[in-house]
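Listed here are the chains, written in short residue letters.
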Amino acid sequence: MRSIEMCQCQLSSFPNHVQVPSLKDIQCASIRLQPYIKRTEFIFSPRLAHRSGHNIFLKREDQQEIRSFKVRGALNKMLSLSKNQKQTGVVCASAGNHAQGFAFACHLLGIQGVVFLPQNTPEQKVRQVKYYGKNNVRVVIFGSNFDHACQKALEYTQETGKVFVHPFDDPDVIAGQATIALEMISDQKRALDVLLVPVGGGGLVSGVSLVYKSLSPQTRVLGVEVEGAEAMHTSLAQQRRIRLNSLDLFADGTAVKQVGQLPFDICRQLLDGVIVVTKKQVCEWLFSLNNDLAMIVEPAGALAVAAAMTMDQGVDLNIGCIVSGGNNDAYRYSEYERLLRA
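Residues numbered from 1 in each chain as written. Predicted model: local features only at pLDDT ≥ 70, side-chain atom pairs only at ≥ 80, totals over all residues. Heavy atoms only, no water.

Q: Go over the pattern of salt bridges, please, and point to the residues and values.
A: A full pass over the atoms with the stated rule returns 17 salt bridges. The residue R51 makes a salt bridge to D292 at a minimum N-O spacing of 3.5 Å. Of the two residues, R51 sits in helix α2 (residues 46-52) while D292 sits in helix α12 (residues 279-293), which places them 241 residues apart along the sequence. The exposure class assigned to D292 is partly exposed, which follows from its relative accessible area of 32%. In this structure, E183 engages K59 in a salt bridge whose closest nitrogen and oxygen atoms are separated by 2.7 Å. (Salt bridge = Lys/Arg side-chain N within 4 Å of Asp/Glu carboxyl O. Helix = DSSP H or I, 4+ residues; strand = E, 2+ residues; numbered from the N terminus. Buried < 20%, exposed > 50% of the residue type's maximum accessible area, 1.4 Å probe, protein only.)

So, in structure tokens, the structure goes:
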């Protein structure tokens, strides 16, 4: 495990030109989404507490209809569109989970959408996108990774005049993802000492940081990345948004070469640090969640729990973990077992 610690700053320190969602924006998003999404459980795990020496609480976003938090941001963005924008149609690029949330929202709202997926997207996620979108969504497979698919989607958006629904670099998307934190703070019986949040492009961790630094500032919010996909960790260490030269696609749900500009601006101000876990650690806890708690999670969904198990056991902490995704492809279990035994 590697980590980087950041200085906590005040919400007022953002430059005027940075379009940061306000707490009111996030609260409005919560009201807007309430009829359509599940308020997932935020539960204490006795088994994980016994093994870690800490009080571990899990925010079960794998319980969403699409098995991921991503539906919150995509749906909030699309509910915020004008009537004309909805009629023109929407576009997205994704490694899988955002595409499912996007497809779910398209079918729910009757909007025509086009989804660009990279070639490494697990087949299980491709099938799910088609299932949730039904006749409202067309799937295009393009490029070897998310960045290639995203560039093609942006070109298509410019050609057609459709609205691009970004997976993380958009204030409406960030506000939607941040509604997770409002639920957690409402449901928690005692304040968290640490909140662990998986990081891909940064939409979730930036939104959660906004809420917690407003309503529970004593809680340390830490991002979690896996080795080989450390875009936020590296960017914060260098104090500038960088693009990784290479990218490990093991945790496809969080595999991006560059974090979003708005998420980075927020995290640079508010995030308390980033922990980097190994693939072996992720595999260990992916199997443990499955075998001990009957939870089927993908690698990205196990990141926070893997990080929780590395925390210093000399101190009794209340630790929250966001379980971000349960879209696992059963064909990958042999890969996980191989990594675990390495």
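Q: Just give me the short version of the sheet that holds strand β7 (residues 163-164), but keep the residues and values in it.
A: Strand order across the open sheet formed by 4 strands is β6-β5-β4-β7, with parallel pairing between neighbours. The outermost strands of the open sheet, each flanked by one partner alone, are β6 (137-141) and β7. In this structure, strand β4 (residues 90-93) lies alongside β7, joined through 2 bridges in parallel fashion. Note on β7: the bridge partner recorded for V90 is V163. Helix α6 (residues 123-133) contacts β5 (113-117) and β6 of the sheet and is inclined by roughly 160 degrees relative to β6. (Pairing = 2+ DSSP bridges. Contact = heavy atoms within 4.5 Å. Axes fitted to C-alpha atoms, helices over the stretch in contact; angles between N-to-C directions.)

Q: Residue-level account of the packing of helix α10 (residues 231-238) against helix α11 (residues 261-270), with values.
A: Relative to each other, α10 and α11 sit at 60 degrees, their axes nearing to 11 Å. Regarding the angle of α10 to α11, the classification is oblique. The hand of the α10/α11 crossing is right-handed. Across the interface between the two elements, M232, S235 and L236 from α10 touch P263, F264, C267 and R268 from α11. (Parallel < 35°, antiparallel > 145°, perpendicular 65-115°, else oblique. Left-handed = near helix turned anticlockwise from the far one by under 90°.)

Q: An account of the confidence of the model for the protein chain is needed here, citing residue identities and associated values.
A: With 95% of its residues at a pLDDT of 70 or more, the protein chain has an overall mean of 93. Contacts for the low-pLDDT stretch residues 6-10, under 50 throughout, to residues beyond four places or in other chains number 14 contacts. (pLDDT = per-residue confidence, 0-100.)

Q: Quick rundown of helix α9 (residues 203-215)? Include the residues and the values.
A: What sets the pattern is the α-helix's 3.6 residues per turn: residues three or four places apart point alike. The end-to-end C-alpha distance of α9 is 19 Å, a good match for the 18 Å that 13 residues give at a rise of 1.5 Å each. By the criterion of burial, α9 is predominantly enclosed, with 11 of the 13 residues buried. Looking at the packing, one finds that the buried side of α9 touches α1 (23-33), α8 (171-187), β8 (194-198), β9 (220-226), α11 and β11 (318-323). (Expected span 1.5 Å × (residues − 1).)

Q: Give a detailed account of the environment of L270, specifying residues and quantitative values.
A: By the element assignment, L270 lies in helix α11. Sequence-wise, L270 and Y212 are 58 residues apart; in three dimensions their C-alpha atoms are separated by 9.5 Å.

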